[in-house]
Amino acid sequence: MSIELKPKDYKSDIKPVWCPGCGHFSILSALTKALAYLKIPKHQIGFVSGIGCSSRIPAYVDSYGFHGIHGRGLAVASGLKAARPDLHVIVAGGDGDGFSIGGNHFIHACRRNMDMLYIVMDNQVYGMTKGQASPTTAPDWVSKLTPHGSGIRPFEPLAIALASGASFIARGFSGDPSSMSKILVEALQHPGFSFVQVLSPCKTFRPEQVEWKKQVHNAFMEPTDDSALAAQAIHNDDGMGMGIVFQRDIPIWSLQHSDHDNNQTSIETIAGEFEL
Amino acid sequence: MNNEKLIIQSPEHLLAQVYAMKCESEDRLQDLIDSLKQHNNSAAADVFSRTIELIKVSIKNIEQRTQGMQLPEIPPWEAQWHCEVQPDCLCIENAHYLMTPLQALELAIFNEKRLQEFFILQVNKGVNEDVRLIANEFLIQEKQLTVQMHSWKEQLEHSQTEQNEDFDPPNVPE
């Protein structure tokens, strides 16, 4: 007999240490709603992260989890998915973790198109280390550490995901958790690499982001499977457009595509091939 | 969402939505209480601990009322709110680790008022008589809670509360 789980049932007993007012609470809420809606059993979820405020999230979800090393959430998750294709693999992290030190893994995870969900909780700042500019920070954001701004153009996550071959690309906002949970449901159901950028205000280090609530808008009304149209939509986007911009069914990479059949090949057999 | 789309058509839908809303509020409020305690602001956490007790009573009441009823499952994105976040769920971005108990209570009252607006809409514009009656019952209960919160507010206004200060402040523009 299966027991119907409520969103709250997907939360662990560990209390989040995020700051009061942090947008990440809403992402946790939206994710648990999406998991409950899809009735995904807890033991079929593998939740992986890197390092940062957002990367604490696997501890707050009552599933299998791995709090990895900085920028390597996607690498760990790829290994997990290769070994256990039956699991729903979810990866989460922040803009620093995912686009700076983990930027290369991001590109290749998009290209590889393994069946997993990658959520980047983007607050445009390194919050855990007290407010340095991150890859998505605007060049003119002035802080004590960057008194004249960083002067560097921000990383464009949606454009890079599209150019790198991601098969599902969306943006959500933590201030609208209901719409976000719908995006996450679609992303979890999509066969392939689903990338969801979630704008998540950092109340402590970027208090001005409270204004995002007035700036976000529905932009990508219907997802397209045409990469040229998606590129155009992203080009016209002001960075605050919400919705699913691109979705296409393309072949998923799994171990079955390699020389090894993951159901038949043991670790010992693989290791044996490398013996000198 | 226009007003027409916000009108709930059946008592079951209203009860399901209010129940989901109250459960979510309890959950989110508990997160905030825990977070405030983690940040050594137990004074503000205490205010929310008082309001969460009121929500727990509401949840029990709805559970008793709906015993034996088959309530519809409403996906979160189909909820008929007049705002992105459900009406009585804290506008999370308005919370802060330095918030005073008075600010905490003002936020709780603000959310309470938003919830009342939701019920007022159902009472005034509803087309189903049962929905209007139940919504009115909820509205009366919520108004009583607001009176209680205002009396707490008066007590707080009379007590001396200082603005909280962080001696190692975040690196934000001056």
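If you're wondering where the values come from, they're calculated on a predicted model, not measured in any experiment.

**Quick notes on the overall build of chain A**
Within chain A one finds 10 helices and eight strands. Taken over the C-alpha trace, chain A has a radius of gyration of 19 Å; the compact-globule value for 276 residues is 19 Å, and the two agree within 12%. Seen along its three principal axes, the alpha-carbon backbone of chain A occupies a region of about 55 × 40 × 40 Å. Buried residues in chain A amount to 49% of all 276 residues. Pairs at least 24 residues apart make up 68% of the contacts formed inside chain A by residues separated by at least 6 positions.

**Let's talk about the overall build of chain B**
A count of helical and extended segments in chain B gives five helices and zero strands. Of all 174 residues assigned to chain B, the portion counted as buried reaches 34%. Sequence-distant contacts, at least 24 apart, represent 76% of the contacts inside chain B between residues at least 6 apart.

**Focus on unusual backbone geometry**
Non-glycine residue K130 of chain A carries a positive phi angle of around 80°. Relative to the elements of secondary structure, K130 of chain A occurs in the loop between β4 (116-122) and α6 (157-164). On the basis of neighbour count, K130 of chain A is assigned to the partly exposed category, with 16 C-beta atoms found within 10 Å. Backbone geometry places N40 of chain B, a non-glycine residue, at a positive phi of 60°. Tracing the backbone shows N40 of chain B in the loop between α2 (11-38) and α3 (42-65).

**Some points on the confidence of the model for chain B**
Residues and elements named next belong to chain B. Overall, the prediction assigns chain B a mean pLDDT of 87, with 89% of residues at 70 or greater. For chain B, helix α1 (residues 3-6) is the element with the lowest average pLDDT, namely 75, and α3 is the one with the highest, namely 93. ipTM for the predicted complex: 0.89, alongside a pTM of 0.92.

**With respect to the packing of helix α5 (residues 103-112) of chain A against α6 of chain A**
Residues and elements named next belong to chain A. For the pair α5 and α6, interaxial distance at closest approach is 8 Å and the crossing angle is 45°. Comparing the axis directions of α5 and α6 gives the class oblique. Seen from above, α5 lies across α6 with right-handed handedness. For the pair α5 and α6, contact is made by I107, C110 and R111 and by I160, A161 and S164, respectively.

**Focus on the nonpolar core**
All names here are of chain A. In terms of nonpolar packing, the biggest core is built from 70 residues, with V91, Y118, I169 and V245 touching the most fellow members. When residues of this core are assigned to their parent elements, the largest contribution, seven residues, is made by helix α1 (residues 24-38). Ignoring any residue separated from it by four or fewer positions in sequence, one finds I169 in contact with L158, A161, L162, F195, V245 and F246.

**A few points about the interface of chain B and chain A**
Interfaces are often sized by the accessible area lost when the parts come together. Contacts between chain B and chain A engage 26 residues on the former and 33 residues on the latter. Here the side of chain B that touches chain A is composed, by residue class, of 14 nonpolar, six polar and six charged.

**As for the packing of α2 of chain B against helix α5 (residues 129-158) of chain B**
All names here are of chain B. Between α2 and α5, whose axes approach to 8 Å, the crossing angle comes to 30°. What the angle tells us is that α2 and α5 run roughly parallel. Every residue of α5 that contacts α2 at P11, L14 and V18 is listed here: D130, V131, I134, A135 and F138. Of the residues that constitute the contact of α2 with α5, the class distribution is seven nonpolar, no polar and one charged.

**A few points about the environment of E156 of chain A**
Residue and element names in this part refer to chain A. Looking at the secondary structure, you find E156 in the loop between β4 and α6. Taking the number of C-beta atoms within 10 Å as the measure of exposure, E156 has 18 and is therefore partly exposed. A sequence separation of 57 residues divides E156 from F99, and the C-alpha atoms of the two residues are 9.2 Å apart.

What counts and how
Residues numbered from 1 in each chain as written. Chains lettered and ligands numbered in written order. Predicted model: local features only at pLDDT ≥ 70, side-chain atom pairs only at ≥ 80, totals over all residues. Helix = DSSP H or I, 4+ residues; strand = E, 2+ residues; numbered from the N terminus. Rg over C-alpha atoms; globule rule 2.2 N^0.38 Å. Buried ≥ 20, exposed ≤ 12 C-beta atoms within 10 Å, placed from the backbone. Contact = placed C-beta atoms within 7 Å. pLDDT = per-residue confidence, 0-100. Axes fitted to C-alpha atoms, helices over the stretch in contact; angles between N-to-C directions. Parallel < 35°, antiparallel > 145°, perpendicular 65-115°, else oblique. Left-handed = near helix turned anticlockwise from the far one by under 90°. Core = buried A, V, L, I, M, F, W, Y, C linked by C-beta atoms within 7 Å. Nonpolar A, V, L, I, M, F, W, Y, C, P; charged D, E, K, R; others polar.

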